[in-house]
Amino acid sequence: MAEAVLRLLGRPALWLMIYAALLGYGLFALFNIPEEVLPAFNYPEVSVTVHLPGTTATDMEAMVATPLEGVLLGLPGVSNVRSTISDGLVETDLRFAAATSAQADLQAVNGAVERAQASLPPGARPFTEIMGNAINEVADYAVRFAPGTSQADVARAVAMRLVPALRAVPGVQLVTTAGLGGEALWVQPDLTAMAQAAVSVQALQQALAGQAMLVPGGSLSLGHTDALMTFGNTPNAAALAQMPVMGPHGPVPLGALARIVHSTTPVHQRELLDGEPAIALVVFKQQGASTVPVTRALAAAIKSVALPDGVAVVRIYDQGHLVGATSDDLRRNLLIGGVLAIAGLLAVLGAGSGAWLLALSLPASLLLGIAGLYATGQSLNLLTFGAIIVALGLVADDAIIVLESIFHRWEAGDGTWPGIWRGVREIMAPDIIGTLTTALVFVPLLFTGGLAGLFCVPFALGMIFALGASLLVSLTLIPLGLGLLPRHAVRPPRAAQTLLTRLMGWNRRLFRLALAYPRRAVLACVALLLSSLGAMSLVSVNVLPLPNEGVLLESFTLAPGTSLADTDALMRRLSARLAQDPAVEHVLARIGSAADSAYTEPAYAGEITIRLKPKVGGASLDAIAARVQAETQFPSLQTGIDTPTIERLGESLNGLPQPFALDLYGDDLSQMTQTAQAIAQRLSGVPGLSDLFNDQGYPETQIRITPRPAALAAAGITPAALSGDVSALIAGQIVAELPDGAAPLPLYLRLPDAALLSLQGLKALPVGSASATPLGTLADISLATSPNQFMHIDGARALEILATPTTAPNLAIAQAKRALAGLTLPPDERIAFGGLYPMLEHAALALGIAAIAAVSALAWVLFLRFSGKRAPLLLLAQIPLAMTGGGLALAVSGLGLNGIGLIGFLALAGVSLNHGVVLLDRAQRNEAAGMSPEAAMDEALNVRFRPIFLTTAVAILGMLPTALGFGAGAAPEQGLAVVIGGGILWSALLSTNLLPALYLAGRGGQTPENPA
């Protein structure tokens, strides 16, 4: 292989064309690769959400959940179907086999939902999306309107002008609105007037339905043209008031029976901007679209829309701010780190030594790595940025050892090209093996599925592409550049040479000490490893620290069953209190969930988005969050506060199993609720569980209307007609749609204050077609209880009890089983343990197999390259010891451990081997040439110390700006840089001291510096 590479190096024109093409594609990728906060959440899970306000959970089960599941359970590839059923809401989550495509799964679900649509209630509009879409929520806006402004005009302007402008922005997937219903002509019946005129609800419905007309009428030939005819009727509120409604005594004007208002349809949901009603807009971007261009285009689109006087759009949240801050800060830190690394190289090797070729190798390798990410559909996000930051120090490794090998041959007296050939030939094998062993550690991460794969795969791909590019550049660009340009000798500046000599002397003392006391050296390293693990136990752990987004997001929940009016009043008081905080600019409170959205909160829960003033610093974000949460404390109000990105991440993972879940299956919900309480009581004493959550099956009051068949028959009314009259008056009904420009104007029929009716008022409600018969004479009206929420798991009724394990999931489950050992279940009930544990078990098994395969491959490569067992075993034993430096560095820094930092510890397993591979390869080559083991190792340490020092220094300098936390956007990657920097420094010490000492120990000799 070496000869083939050397022959190819003799064709510089070919390499010039190859690098021109590769770097050209790399530049194209750099300017076109999407920039995101996190990788695309594209795992095969789809959710279907159906809103039907005013419907009990048991009715939602019969009318929505069961018909939907009937078509969804039969889809190919479905592994699990879970429906959460509550008042007015059904959310069905479908998990597909891991090998399927999320987009194909979504198309299959949409097809099944369309087939089921005929079986669903008329107002049910299923909303489908790939789970994880919440992370694509890139912008939130609030439409504020002055008091007295027509809500109908505002709703029309938003629907007809603002929303289309936002949807037209390239990269936008979806725009949802909430807070106000759609524009409509609202017919509000006067029950007293209708009773006096003996006009029924059905007569109103029939009269209104006959007003909507837009019918093609053919065409007439008028001269030389064909004139098309159409017949349309578009009455306004005044014309509708004169519309006759037929009664038993003749026609009656509609205006005498009802009030006609040009308004918006009522919704069981609220949006409050600074305590006043508003319209909220949520914008989702398409998967793969770059966030920053989308959010900038959204801002420009809003400015271009003309809105009515007194109406303004207020920006509440912009994910582009976070992406831009993170990207700008990390790019700047990469640039600074690259300059520091290059400056360090030139300072040690000298400006005229050809070290400037290393300056070219850094951006070339990183650019090719980014090209690989772009070609595989990845984005620049916190994970891939982390890989690039780590790679900044590592990509110089290959180039340095090739450069040093060639310089060493020149210093030995070889000619220009002979020295290059021999230098490349000597270093090629250890260079390839060192890179391969580093890359092999990341290969198992490519096989991690589910949640772990979302985070591990992008990082692993970034490292593998950067390392592969580094190897290519080191074996081609470096020797080619040295051969085509005038030859230079290595002339390190005097200060650098003095520093290197001094460091080498100190290192030799450590090496002699380790060689003299190898067992004590090993014990000391093991003790340091244990100390680092102990120090890590004191390090705070968080999922993902993020820079200040300028926004806080507080979720809230009141007691189940709390009315919308009470929740609204509390949120107004809370908004007024927050407005007094000096850091708060705007407060947007969302109560409940809009019908055309994926939100699933009831009317007693929601979110409070708190936009901070621009000058609020990121360092004070935690203090502001604590203060805001203290300001929002009310009796019976439960709150939790975080940043929008963390909250969206949680929403994106909402469909995944909980850490611990016990599912109770059965048929009788009331009996199941009692059993669930008994189970929860027993589980509350389990030491391995905390935060027990058992709120399903909570009994809520409902009004039950039971028709009397004899009374209905006597009155000539069917049960369907009876329910239709009551539904029209209480729930509301769109009876017709009038042509009105680009969008139809609905005719909406409902009582003006239907929710304020008492039970007596409900019983007196006039129903029937012939005469106004009180509802109470035709049906029994009583109060009953209904469960607030329950589940279907693969079609079976279930209640789910959740908890947080404080120990390993398998141990927590074993403790729970012992606690439930004496519990007797009713004959038709059973329990099953679910949650995250089965998924973790499967993922751990798959990852374990992949890890074993990777370690086996790594060991095979090492045993294949090195003679004997000592060198490969020592290199493999160095992997756990290398974790010491990362753990101690993180503990000393005072930073917390997050998901990205944790991946850094995995990266150390591969990074730690490269120095040792190069050193032991040189030593074994020397032994093969006839040197004694001691002399061979002494020569290897002399030759390899400078490249090991340089690669360590370059890696640390490259990551230094990020490790120091320069810029708010560096916060997520700071722990990663600290872990890798500390680990690389410690592995360099191990490679030049403990590793060679153990290699020589027991072989019957000493080094020349320490004669026997």
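All values derive from a computational prediction rather than experimental measurement.

Topic: the overall build of the protein chain
Secondary structure assignment for the protein chain yields 31 helices and 31 strands. Principal-axis analysis of the C-alpha atoms gives the protein chain an extent of 125 × 85 × 55 Å. Taken over 1012 residues, the protein chain has a buried fraction of 53%. Within the protein chain, contacts between residues separated by at least 24 positions form 81% of all contacts whose residues are at least 6 apart in sequence. Surface exposure of the protein chain reaches about 42100 Å², of which carbon and sulfur atoms provide 61%. Of the side chains in the protein chain, 56 bear a positive and 70 a negative charge, and the two mean positions are spaced by 13 Å.

Considerations on the sheet that holds strand β15 (residues 279–285)
One open sheet holds the 4 strands; their spatial order is β6-β15-β5-β16, and the pairing between them is antiparallel. A single partner strand is all that each edge strand has here, and the edge strands are β6 (172–178) and β16 (311–318). Each strand of the sheet is rotated relative to its neighbour by a mean of 20 degrees, with strand direction disregarded. The strands that helix α5 (residues 151–167) touches are β5 (137–145), β6, β15 and β16; relative to β15, the one it contacts most, it runs at about 15 degrees. Of the strands in this sheet, β5 and β16 are in contact with helix α10 (residues 319–349), which crosses β16 at around 40 degrees.

So, the environment of Thr673
Position of Thr673 among the secondary structure elements: in helix α20 (residues 669–683). Other than its neighbours up to four places away in sequence, Thr673 contacts Gly697 and Leu799. A distance of 2.8 Å separates a polar atom in the side chain of Thr673 from the backbone oxygen of Leu669.

With respect to the pattern of salt bridges
For the coordinates displayed, the defined rule picks out 22 salt bridges. Where Glu45 meets Arg95, a salt bridge forms, and the shortest distance between an N and an O atom there is 3.1 Å. Note that Glu45 is positioned in strand β1 (residues 45–51) and Arg95 in strand β3 (residues 89–96), a separation of 50 residues in sequence. Pair check on accessibility: Glu45 and Arg95 agree, each one buried. A salt bridge links Arg627 to Asp581; its shortest N-O distance comes to 2.8 Å. You can see Arg627 sitting in helix α18 (residues 621–631) and its partner Asp581 sitting in the loop between α17 (564–579) and β18 (584–591), a full 46 residues away along the chain.

Comments concerning the sheet that holds strand β7 (residues 183–189)
Sheet strands pair by backbone hydrogen bonding; their relative direction is either parallel or antiparallel. Pairing in this open sheet of 4 strands is mixed, and the strands run β12-β7-β25-β24 from one edge to the other. Lying at the two open borders of the sheet, with one neighbouring strand each, are β12 (258–264) and β24 (733–738). Pairwise comparison of adjacent strand axes, ignoring direction, gives a mean angle of 25 degrees for this sheet. Strand contacts of helix α7 (residues 201–209): β7, β24 and β25 (745–749), with the helix running at about 20 degrees to β24, the strand carrying the most contacts.

Considerations on the packing of helix α29 (residues 913–928) against helix α30 (residues 933–963)
Following both chains from N to C, one finds α29 and α30 inclined at 150 degrees, their axes separated by 8 Å at the closest point. When the axis of α29 is compared with that of α30, the two are roughly antiparallel. As α29 runs across α30, the sense of the crossing is right-handed. Contacts between α29 and α30 involve His915, Val918, Leu919, Leu920, Arg922, Ala923, Asn926 and Glu927 from the first element and Pro933, Ala936, Met937, Glu939, Ala940, Leu941, Val943, Arg944, Ile948, Thr951 and Thr952 from the second.

Focus: the confidence of the model for the protein chain
In this model, the protein chain carries a mean pLDDT of 83, and residues with pLDDT of at least 70 account for 91%. Note that pLDDT drops below 50 for residues 1005–1012; the model gives that stretch 16 contacts with residues more than four away or on any other chain.

Quick look at the pairing of β25
Where a strand is regular, its side chains alternate between the two sheet faces. Counting buried positions over the 5 residues of β25 gives 5, a clear majority of the element. With 3 bridges joining them, β7 and β25 adopt parallel strand pairing. Its bridge partner being in β25, Leu185 is matched across the sheet by Leu747. In this structure, β24 lies alongside β25, joined through 5 bridges in antiparallel fashion. Bridge assignment links Glu737 to a residue of β25, and that residue is Pro746. The hairpin formed by β24 and β25 contains 6 residues between the paired strands, and Gly741 there has a positive phi angle of roughly 75 degrees.

Some points on the nonpolar core
Nonpolar side chains tend toward joint burial in soluble globular proteins. Residues Phe459 and Leu482 are the most contacted members of the largest nonpolar core, which totals 90 residues. Secondary structure elements with two or more residues in this core: α10, α11 (356–375), α12 (382–411), α13 (416–442), α14 (450–484), α28 (899–911), α30 and α31 (971–1000). When residues in this core are grouped by element, the largest group, 20 residues, is from α12. Ala57, Ala102, Ala676 and Ala803 belong to the second-largest nonpolar core, a separate cluster that totals 43 residues.

Regarding a nonpolar patch on the surface
Among the surface-exposed residues, Ile336, Leu340, Leu960, Leu964 and Phe966 lie close enough to one another that they form a single nonpolar patch of about 380 Å² accessible area. Relative to the elements of secondary structure, Leu960 occurs in helix α30. By relative accessible area, which is 31% here, Leu960 ends up partly exposed.

About the criteria used
Residues numbered from 1 in each chain as written. Predicted model: local features only at pLDDT ≥ 70, side-chain atom pairs only at ≥ 80, totals over all residues. Heavy atoms only, no water. Helix = DSSP H or I, 4+ residues; strand = E, 2+ residues; numbered from the N terminus. Buried < 20%, exposed > 50% of the residue type's maximum accessible area, 1.4 Å probe, protein only. Contact = heavy atoms within 4.5 Å. Areas by Shrake-Rupley, 256 points an atom, 1.4 Å probe, with all protein chains shown as cover. Lys, Arg positive; Asp, Glu negative; His and termini not counted. Charge placed at Lys NZ, Arg CZ, Asp CG, Glu CD. Pairing = 2+ DSSP bridges. Axes fitted to C-alpha atoms, helices over the stretch in contact; angles between N-to-C directions. Polar contact = N/O pair within 3.5 Å; in protein donor to acceptor, adjacent residues only side chain to side chain. Salt bridge = Lys/Arg side-chain N within 4 Å of Asp/Glu carboxyl O. Parallel < 35°, antiparallel > 145°, perpendicular 65-115°, else oblique. Left-handed = near helix turned anticlockwise from the far one by under 90°. pLDDT = per-residue confidence, 0-100. Core = buried A, V, L, I, M, F, W, Y, C linked by side-chain atoms within 4.5 Å. Patch = residues over 30% accessible without salt bridge, like charges linked within 9 Å, V, L, I, M, F, W, Y side chains within 5 Å.

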